[in-house]
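Given next are the chains, with one letter for each unit.
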Amino acid sequence: KHEFEANDLLRLLKAGKSFEELAKKYSQCPSHSQGGYLGEVESKRLDPVFLECFESLKPGEISKPLRTSFGWHLIKK
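Attention in this report is confined to the structure presented alongside it.

## Let's talk about the packing of helix α1 (residues 3–14) against helix α2 (residues 19–26)
Stage number 1. α2 packs onto α1 with a crossing angle of 150 degrees between their chain directions and a minimal axis gap of 10 Å. The orientation of α1 relative to α2 falls into the category roughly antiparallel. Between α1 and α2 the crossing geometry is right-handed. On α2, the residues that touch Leu9, Leu12 and Leu13 of α1 are Phe19, Leu22 and Tyr26.

## Comments concerning the packing of aromatic side chains
Working definition: an aromatic ring pair is given by the centre-to-centre distance plus the angle between the planes.
Stage number 1. This structure, assessed with the given rule, holds zero aromatic pairs.
Stage number 2. For the cation-ring pair, lysine 77 lies above phenylalanine 54, with the distance from its terminal atom to the ring centre recorded as 4.9 Å.

## Section: the pattern of salt bridges
Stage number 1. According to the stated counting rule, one finds four salt bridges in the structure shown.
Stage number 2. Between arginine 11 and aspartate 8 there is a salt bridge, with the nearest N and O atoms lying 2.5 Å from each other. Of this pair, arginine 11 and aspartate 8 both sit in helix α1, three residues apart, which is roughly one turn of that helix.
Stage number 3. Of the charged contacts, one joins lysine 24 and glutamate 21 as a salt bridge, the two residues approaching to 3.9 Å between their closest N and O atoms. You can see lysine 24 and its partner glutamate 21 sitting in helix α2, three residues apart, about one turn around the helix.
Stage number 4. By relative accessible area, lysine 24 is classed as partly exposed at 42%.

## Points about α2
Stage number 1. When α2 is considered as a whole, its buried residues turn out to be Phe19, Leu22 and Ala23. The buried residues of α2 occupy an angular sector of 100 degrees when projected down its axis, which confines them to one face.
Stage number 2. The residue sitting at the N-terminus of α2 and contributing the capping side-chain oxygen is serine 18; that oxygen lies 3.3 Å from the backbone nitrogen of glutamate 20.

## Quick notes on the nonpolar core
Stage number 1. Counting residues in each nonpolar core, the largest one holds six residues, listed as Leu9, Leu10, Leu13, Phe19, Leu22 and Leu74.
Stage number 2. Mapped onto this core, the elements with two or more residues apiece are α1 and α2.
Stage number 3. The element that contributes the greatest number of residues to this core is α1, accounting for three residues.
Stage number 4. Once you skip the residues sitting within four places of it in the chain, phenylalanine 19 turns out to touch Leu13, Gly35, Ile62, Leu74, Ile75 and Lys76.

Here is what the cut-offs are and how they apply
Residues numbered from 1 in each chain as written. Predicted model: local features only at pLDDT ≥ 70, side-chain atom pairs only at ≥ 80, totals over all residues. Heavy atoms only, no water. Axes fitted to C-alpha atoms, helices over the stretch in contact; angles between N-to-C directions. Helix = DSSP H or I, 4+ residues; strand = E, 2+ residues; numbered from the N terminus. Parallel < 35°, antiparallel > 145°, perpendicular 65-115°, else oblique. Left-handed = near helix turned anticlockwise from the far one by under 90°. Contact = heavy atoms within 4.5 Å. Phe/Tyr/Trp six-rings, centres within 6.5 Å; stacked < 30°, edge-to-face > 60°. Lys NZ or Arg CZ within 6 Å of the ring centre and 35° of its normal. Salt bridge = Lys/Arg side-chain N within 4 Å of Asp/Glu carboxyl O. Buried < 20%, exposed > 50% of the residue type's maximum accessible area, 1.4 Å probe, protein only. Arc of directions from axis to C-beta. Polar contact = N/O pair within 3.5 Å; in protein donor to acceptor, adjacent residues only side chain to side chain. Core = buried A, V, L, I, M, F, W, Y, C linked by side-chain atoms within 4.5 Å.

Note that every value here comes from positions in space, so none of it alone points to a role or purpose.
So this is what it looks like as structure tokens:
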């Protein structure tokens, strides 16, 4: 819900915590039960800010906290 929460989770990720486990525990997205995995999604269904960030990431890379119309995100490609 808040930027400070996303920053706290990013610090945990940098300390070696698993993205998938943190997503299961803290994510408010319906994908939380799959460790944040969205599967294949049509790009037109994604928030444009989310899509732009996702496309700029390298495989395995995690974004900085990102705000979209749906709230705060950390994205792992």
